[in-house]
Amino acid sequence: MTVLSFEDARRVVEEHAAKLSAPVTEWVGLQAASGRVLAEDVFADRDLPPFPRSTRDGYAVRSDDVAKLPATLDVIGEIKAGEQEEKIPTAVEPGQTVSIMTGAPVPSGADSVVMVEYTTRRGNRVEIARSTAPGENIVPCGAEAKRGSRLLGRGMRLNEAAIAVAASVGKSRLQVYARPRVAVLSTGDEIVDVETAPGPTQIRNSNSYSLAVQVSRAGGDPTLLPIAPDEPHRLKELIEEGLRFDLLLMTGGVSMGRYDLVEQVLAELHAEFFFTGAKIQPGKPVVFGRCENRHLWQHRPEVGQPASAGERPASGKTYFFGLPGNPVSTMVTFELFARPMIEALSAQIPRKLSFLHAKLRSEIRVKPGLRRFLPAILSGEFDQSEVELVSWQGSGDIAATARANCYVVIPPDRECIPRGEWVALLMP
Ligand code: AMP
Ligand code: MG
């Protein structure tokens, strides 16, 4: 038994994650790139903005001309966004101005833009009621990015802003890393599939479905394996199937009960165990390890490729997590330990675990010794954020977790957290 503190367990996962090699890459169109991990650097193909851009509707002026107010200037033209080059006045001379729209190029000679709100147009003349500083309401050519500069880096997860950047530099397709294929294996004699009518003592499989959501959100490609019974032979078969993926997530069967067989079967497969417990609640019996997978290919060629993507794990070993079966434990231990592994398998730049903070609405009392992650509701807005635990029946209470929107994190040395204290929140 290797039971680590939360921090040590997390460090062990991060250390292994840091040593993984990058997966294969593929090309995707921009609309399919959301949430994918960039496998190339993206550069500015020209200066951004490509011309001095007016940020206002108004008049492009020489700031000297509007130093003394009111100033009346000759309007020599109009420049709209996208104006043809030949229609743009080549110079704005002293005493002159050009009517200009947001997003239009500022002509040479003008050094600032007066907002239209501070002007009165009279035929070909305009009266200006505000002075401007040089540069006001203009983004200079290349101020956002110089041509050739790196705008997006390999290893970043593509969000809407990154995709907008790619579009703005003409990258209609992006090279991204293949999603890691993650096998999800629920275990337990009492567990039946969602389509099956459960007997009086049976429980529907919910963990495979919550895990599939979490895997996808972390950047992985989940495959649900059939439910494994608490029987070593079939359990071993399914674990071996799962070891053919890039990562195997198991739930249930890792506690101390007589029928908790996951560790036993993995030991028979000569797995290495990095920890078999963490001082957390929920989720204490969480297991992390690694197992050879080469022999699975040699001995069972008839099995063919894994169901999803069709490639063997890049290395000869597959990492696995045995997550405790209680549904809230499964969700919490995924976030804390499995997520960084999936992020690393998809070549994402590692994210540090960070917590929001909010004021506690009512006192919390717990037994010390474990770091706790308790389902809670964060409410209020702006600087009035408050958090309160949901009442629950323990880590099997899925309904309570569905009412919650975060977890309050309680350090292992705390017994009583008074109302009003700022507490850390894990946001799934
Ligand atoms: P175990 O970790 O196998 O001792 O299971 C702990 C608790 O979680 C038991 O009450 C199980 O019935 C429940 N459980 C285990 N696996 C699942 C699952 N896939 N879906 C829902 N509940 C589960
Ligand atoms: Mg079980």
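Up top is the structure.
Here is a short report on the structure shown in this document. As the structure is a computational prediction, the values presented were derived from the model and not from experiment. (Residues numbered from 1 in each chain as written. Chains lettered and ligands numbered in written order. Predicted model: local features only at pLDDT ≥ 70, side-chain atom pairs only at ≥ 80, totals over all residues. Heavy atoms only, no water.)

**Let's talk about the overall build of the protein**
The following threshold applies: Every helix listed is a DSSP run of H or I at least four residues long, and every strand listed is a run of E at least two residues long, numbered separately from the N terminus. Working definition: with a 1.4 Å probe on protein chains only, accessible area under 20% of the residue-type maximum means buried, over 50% means exposed, and in between means partly exposed. Note on contacts: a residue pair qualifies if any of its non-hydrogen atoms lie within 4.5 Å across the two residues. In these tables, accessible area is a Shrake-Rupley quantity obtained with a 1.4 Å probe, and a residue counts as shielded only by the protein chains included in the view.
Looking only at helices and strands, the protein has eight helices and 30 strands in total. Each of the three principal axes of the protein carries a C-alpha extent, and together these read 90 × 55 × 40 Å. With 428 residues in all, the protein has 46% of them scored as buried. When contacts within the protein are restricted to residue pairs at least 6 apart in sequence, long-range pairs at least 24 apart make up 74% of them. For the protein, the exposed surface amounts to about 21000 Å²; the carbon and sulfur share of it is 50%.

**Let's talk about the environment of Val165**
Here Val165 shows up in helix α2 (residues 160-168). Overall, Val165 belongs to the partly exposed group, its relative accessible area being 25%. The spatial distance from the C-alpha of Val165 to the C-alpha of Ala44 is 8.8 Å, given a sequence separation of 121 residues. Apart from residues no more than four positions distant in its own chain, Val165 is found in contact with Leu151 and Leu152.

**Re the packing of helix α3 (residues 207-218) against helix α7 (residues 327-345)**
Definition in use: To get an axis, a line is fitted to the C-alpha atoms, and for a helix only the part in contact is used. The angle between two axes follows their N-to-C directions and goes from 0 to 180 degrees. Angles are sorted into four bins: roughly parallel if under 35 degrees, roughly antiparallel if over 145, roughly perpendicular if 65 to 115, and oblique for all others. Each crossing gets its handedness from the near helix: less than a right angle anticlockwise from the far helix is left-handed, clockwise is right-handed. When residue character is reported, Ala, Val, Leu, Ile, Met, Phe, Trp, Tyr, Cys and Pro are called nonpolar, Asp, Glu, Lys and Arg charged, and the others, Gly included, polar.
Running from N to C, α3 and α7 cross one another at 30°; their axes reach a closest spacing of 10 Å. In terms of orientation, α3 and α7 fall into the roughly parallel class. Crossing of α3 over α7 shows right-handed handedness. Residue-level contacts link Asn207, Ser210, Leu211, Gln214, Val215, Arg217 and Ala218 of α3 to Pro327, Thr330, Met331, Phe334, Glu335, Arg339, Ile342 and Glu343 of α7. Of the residues in the contact of α3 with α7, the class split is seven nonpolar, four polar and four charged.

**Here's the deal with the site of ligand 1**
Defined as follows: By convention in these notes, a residue is near a molecule or strand provided one of its non-hydrogen atoms lies within 4 Å of it. Pairs of N or O atoms within 3.5 Å make up the polar contacts considered here, provided that, within protein, one atom can donate a hydrogen while the other can accept it, and that residues adjacent in sequence are counted only when both atoms are side-chain atoms.
In the vicinity of ligand 1, 17 residues are found, and the nearest of them are Glu190, Asn205, Ser206, Gly253 and Gly325. Between ligand 1 and Asn205 there is a distance of 3.0 Å, counted from a nitrogen atom to a side-chain nitrogen or oxygen. Within the backbone of Gly253, an N or O atom sits 2.9 Å from an oxygen atom of ligand 1. Coverage of ligand 1 by the protein amounts to 79% of the 480 Å² it exposes when considered alone. Here the shell around ligand 1 is built from residues that sort into three nonpolar, eleven polar and three charged.

**Side note on a nonpolar patch on the surface**
The cut-off we apply is this: The patches reported here contain residues having more than 30% relative accessible area and no salt bridge. Joining distances are 9 Å for like charges and 5 Å for nonpolar side chains (Val, Leu, Ile, Met, Phe, Trp, Tyr). Any Lys or Arg side-chain nitrogen found within 4 Å of a carboxyl oxygen on Asp or Glu counts as a salt bridge.
A cluster of nonpolar residues, Met1, Val3 and Met256, forms a patch on the protein surface that exposes about 380 Å² of accessible area. Examined against the element boundaries, Met1 turns out to sit in the segment before β1 (3-4).

**Quick look at the sheet that holds strand β5 (residues 58-61)**
Note the following rule: Any two strands with at least two DSSP-identified bridges between them are counted as paired.
The sheet built from six strands is open, its strands ordered β8-β5-β7-β6-β10-β9 with mixed pairing. The open sheet has two free edges, formed respectively by β8 (112-115) and β9 (119-122), since each of these has just one partner strand. Here the average twist between neighbouring strands, direction ignored, is 40°. Across four bridges, β9 lies against strand β10 (residues 125-128) in antiparallel orientation.

**So, the side chain of Thr330**
For Thr330, the location among the structural elements is in helix α7. Among the residues examined, Thr330 registers a relative accessible area of 0% and is labelled buried. A polar contact is formed between the side chain of Thr330 and the side chain of Asn207, at a distance of 3.3 Å. Leaving out residues up to four positions away in the same chain, Thr330 has contacts with Asn207, Leu211, Gln214, Thr251, Leu323, Pro324 and Gly325.

**Topic: the packing of aromatic side chains**
Two aromatic rings, taken as a pair, are described by how far apart their centres are and by the angle between their planes. As a reminder, the rule being used: In summary, the pairing rule links any two rings of Phe, Tyr or Trp, Trp by its six-membered ring, whose centres are within 6.5 Å, and it sorts them by plane angle into stacked for under 30 degrees, edge-to-face for over 60 and tilted for everything else. We call a charge positioned over a ring when the NZ of a Lys or the CZ of an Arg lies within 6 Å of the ring centre and within 35 degrees of the ring normal.
On inspection of all chains with the given rule, the structure shows nine aromatic pairs. Members of the aromatic cluster, joined through ring pairs, are Phe6, Phe274, Phe275, Phe288, Tyr319, Phe321, Phe337 and Phe373. Lying across the ring of Tyr118, Arg130 places its NZ or CZ 4.0 Å from the centre.

**Structural notes on the packing of helix α1 (residues 6-18) against α7**
With their axes 9 Å apart at the nearest point, α1 and α7 run at an angle of 10° to one another. Classed by the angle they form, the pair α1 and α7 counts as roughly parallel. In this structure, α1 crosses over α7, and the sense of that crossing is right-handed. Where α1 approaches α7, its residues Phe6, Ala9, Arg10, Val13, His16 and Ala17 are matched on the opposing element by Glu335, Leu336, Phe337, Pro340, Met341 and Ala344.

**A short note on α1**
Formally: How far a helix is expected to stretch is found by multiplying one less than its residue total by 1.5 Å. Starting at the helix axis, one direction is taken to each C-beta atom, and the arc is that of these directions.
For α1, which comprises 13 residues, the first-to-last C-alpha distance of 18 Å matches the rise-based estimate of 18 Å (1.5 Å per residue) to within 8%. Looking only at α1, the buried set comprises Phe6, Ala9, Arg10, Val12, Val13, His16 and Ala17. Here the buried residues of α1 occupy an arc of 155° about the axis, which is enough to place them on one side.

**So, the environment of Arg204**
Mapped onto the elements, Arg204 comes out in strand β16 (residues 203-204). Assessed through its relative accessible area of 46%, Arg204 is described here as partly exposed. Distance in space between the C-alpha atoms of Arg204 and Val192 is 4.9 Å, their sequence separation being twelve residues. Ignoring any residue separated from it by four or fewer positions in sequence, one finds Arg204 in contact with Ile191, Val192, Val194, Thr196 and Pro198.

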